[in-house]
Amino acid sequence: MNPLLKAVLRLFAAPRVNMREDYERVRRLQRQLAALPRPRYRAASWRTIPGDVTSRVPVRVFEPQERRRDELLLFFHGGGWVTGDIESYTPACATMAELTGADVVSVDYRLAPEHPFPAGLEDCFQIVHRLLEDPSLAGRDDADRIVLMGDSAGGNLAAAVSLLLRERGYRGARQQILLYPVTHWDHDPATAPFESVRHHGEDYRLTSTEVQDYMQMYVPDPLARQDPRVSPLMAQDLSAQPRTLMITAELDLLCDEGEAYAHALEAAGNEVRIHRVEGALHGFITLPRFSRSLRDAYEVINTFLDEGHLAGSRETPPGGTA
């Protein structure tokens, strides 16, 4: 890389904080940065267990000014399972609705370390399961139009939910969009199986130290981190998974593991498209809508959704019947 460009990119690197000590401060800062201007949205909550008032998971529903498609993007935010929430991701979700022309539902799953694994995953699983079984909860009459989507830790949750749905014998989503997801447990540059951890783990938006801090807070038990519900790439069976769009960022330490998971899905017989956004840093989905990386990604996302809509009537959803 050009040394001058590399120096400039370092200016945008994440603050070098001790995430295990400072996560609450990071959460507050994220909310403050997202506070203005306030996009339009509709607050809601859904019971994950019918009739159980304690099982409500808060969500925000974002509707585009011009609806151009009938898919619903069920979105799980990033933040290492520790930071990020529907407050800090409200601008990104509003942009998502406008640039796709689809309704977006952002899920406020529980965060670690207060609620370690599998609390957040179970929140996401129960919401997805309920909507796939009863899409009318989200104003839909066709579960095939519900698309799972997540970035970083949220992409990890989307992938893990899809594996859980098949494992538990439930209908799966027909499509999922995974943005630079965590798919593996090891991000130590000395032992990680992926070169992107060593090439991009120190200089840019996300560091290997930060990912390891997040993982320790999300899954305190080191042995449990190899569970496929935490590290989808460790799954022995990746069959019957949704049609998948994998989007990675060139300068992201998670780039290689995201693409490795996509190739593993494809090898298991799933339909997969991989797109690497050149020159992009981790977390680019939260950038302003004039960002080149953001525009590049949404062109691919919209093409993927358009193609899926045309093919939908000919496909059988994972775990379901046509």
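Residues numbered from 1 in each chain as written. Predicted model: local features only at pLDDT ≥ 70, side-chain atom pairs only at ≥ 80, totals over all residues. Heavy atoms only, no water.

### Some details on the environment of threonine 303
- Tracing the backbone shows threonine 303 in helix H9 (residues 292–311).
- Considered as a pair, threonine 303 and threonine 100 are 203 residues apart in the sequence and their alpha carbons are 9.8 Å apart. (Helix = DSSP H or I, 4+ residues; strand = E, 2+ residues; numbered from the N terminus.)

### Digging into the environment of serine 208
- Residue placement: serine 208 occurs in helix H7 (residues 208–218).
- Relative accessible area serves as the criterion here: at 1%, serine 208 is assigned to the buried category.
- Contacts of serine 208, omitting those with residues within four sequence positions, involve His187, Pro189, Val197, Gly201, Glu202 and Leu253.
- Polar contacts involving the side chain of serine 208 include one to the side chain of glutamate 202, which spans 3.3 Å. (Buried < 20%, exposed > 50% of the residue type's maximum accessible area, 1.4 Å probe, protein only. Contact = heavy atoms within 4.5 Å. Polar contact = N/O pair within 3.5 Å; in protein donor to acceptor, adjacent residues only side chain to side chain.)

### Some details on the pattern of salt bridges
- For the structure on display, the rule yields 15 salt bridges.
- The closest approach of N and O atoms between arginine 67 and aspartate 103, which form a salt bridge, is 2.8 Å. Of this pair, arginine 67 sits in the loop between strand E2 (56–62) and strand E3 (72–76) while aspartate 103 sits in strand E4 (residues 103–107), and the two are 36 residues apart along the sequence.
- Classification of arginine 67 by relative accessible area gives partly exposed; the value is 46%.
- Owing to a relative accessible area of 5%, aspartate 103 belongs among the buried residues under this scheme.
- Where arginine 69 meets aspartate 306, a salt bridge forms, and the shortest distance between an N and an O atom there is 2.9 Å. Of this pair, arginine 69 sits in the loop between E2 and E3 while aspartate 306 is found in helix H9, placing the two residues 237 residues apart along the sequence.
- Residue classification places arginine 69 among the buried positions, given a relative accessible area of 12%. (Salt bridge = Lys/Arg side-chain N within 4 Å of Asp/Glu carboxyl O.)

### Comments concerning the packing of helix H2 (residues 19–33) against H7
- One way to put it is that H2 packs onto H7 with a least axis distance of 10 Å and a crossing angle of 90°. Put simply, H2 runs roughly perpendicular to H7. Facing Met19, Arg20 and Tyr23 of H2, the residues of H7 in contact are Asp213, Tyr214, Gln216 and Met217.
- Grouping the amino acids of the contact of H2 with H7 by side-chain chemistry returns four nonpolar, one polar and two charged. (Axes fitted to C-alpha atoms, helices over the stretch in contact; angles between N-to-C directions. Parallel < 35°, antiparallel > 145°, perpendicular 65-115°, else oblique. Nonpolar A, V, L, I, M, F, W, Y, C, P; charged D, E, K, R; others polar.)

### Section: H2
- Taking 1.5 Å as the rise per residue, H2 with 15 residues should run 21 Å; its terminal C-alpha atoms sit only 18 Å apart, a clear shortfall.
- At arginine 25, H2 shows its largest kink, close to 35°.
- Along H2, the residues that are buried comprise Met19, Tyr23, Val26 and Arg27.
- On its buried face, H2 is in contact with H7. (Expected span 1.5 Å × (residues − 1). Bend = angle between axes of the 7 residues up to and from the residue.)

### Considerations on H9
- For H9, with 20 residues, the first-to-last C-alpha span of 29 Å sits near the 28 Å given by 1.5 Å per residue.
- Of all the positions in H9, only Ser293, Leu294, Asp296, Ala297, Tyr298, Val300, Ile301, Asn302, Phe304, Leu305, Gly308 and Ala311 are classed as buried.

### A few points about the environment of leucine 233
- Along the chain, the position of leucine 233 falls in the loop between H7 and strand E7 (243–249).
- For the pair formed by leucine 233 and glycine 258, sequence separation is 25 residues and the distance between their alpha carbons is 8.9 Å.

### Notes on the nonpolar core
- Grouped together as the largest cluster of nonpolar side chains are 60 residues, with contacts concentrated most on Leu74 and Phe76.
- A per-element tally of this core places helix H5 (residues 153–167) first, with nine residues.
- Filtering out sequence-adjacent residues up to four positions away, leucine 74 remains in contact with Val105, Val107, Ile127, Val128, Leu131, Ile146, Val147, Leu148 and Met149.
- Among the nonpolar cores identified, the runner-up in size contains 31 residues, and Leu179, Ala249, Tyr298 and Phe304 belong to it. (Core = buried A, V, L, I, M, F, W, Y, C linked by side-chain atoms within 4.5 Å.)

### Comments concerning the side chain of serine 152
- The residue serine 152 is located in the loop between strand E5 (146–151) and H5 in this model.
- One polar contact links serine 152 to histidine 282, side chain to side chain, over a distance of 3.0 Å.

### Details of the packing of helix H3 (residues 90–100) against H9
- At a closest axis distance of 10 Å, the pairing of H3 and H9 adopts a crossing angle of 50°. With respect to each other, H3 and H9 are oriented oblique. Here H3 runs over H9; the crossing is right-handed. Contact residues: Ala92, Thr95, Met96, Leu99 and Thr100 in H3; Leu294, Arg295, Tyr298, Ile301 and Asn302 in H9.
- Residue classes in the contact of H3 with H9 are distributed as six nonpolar, three polar and one charged. (Left-handed = near helix turned anticlockwise from the far one by under 90°.)

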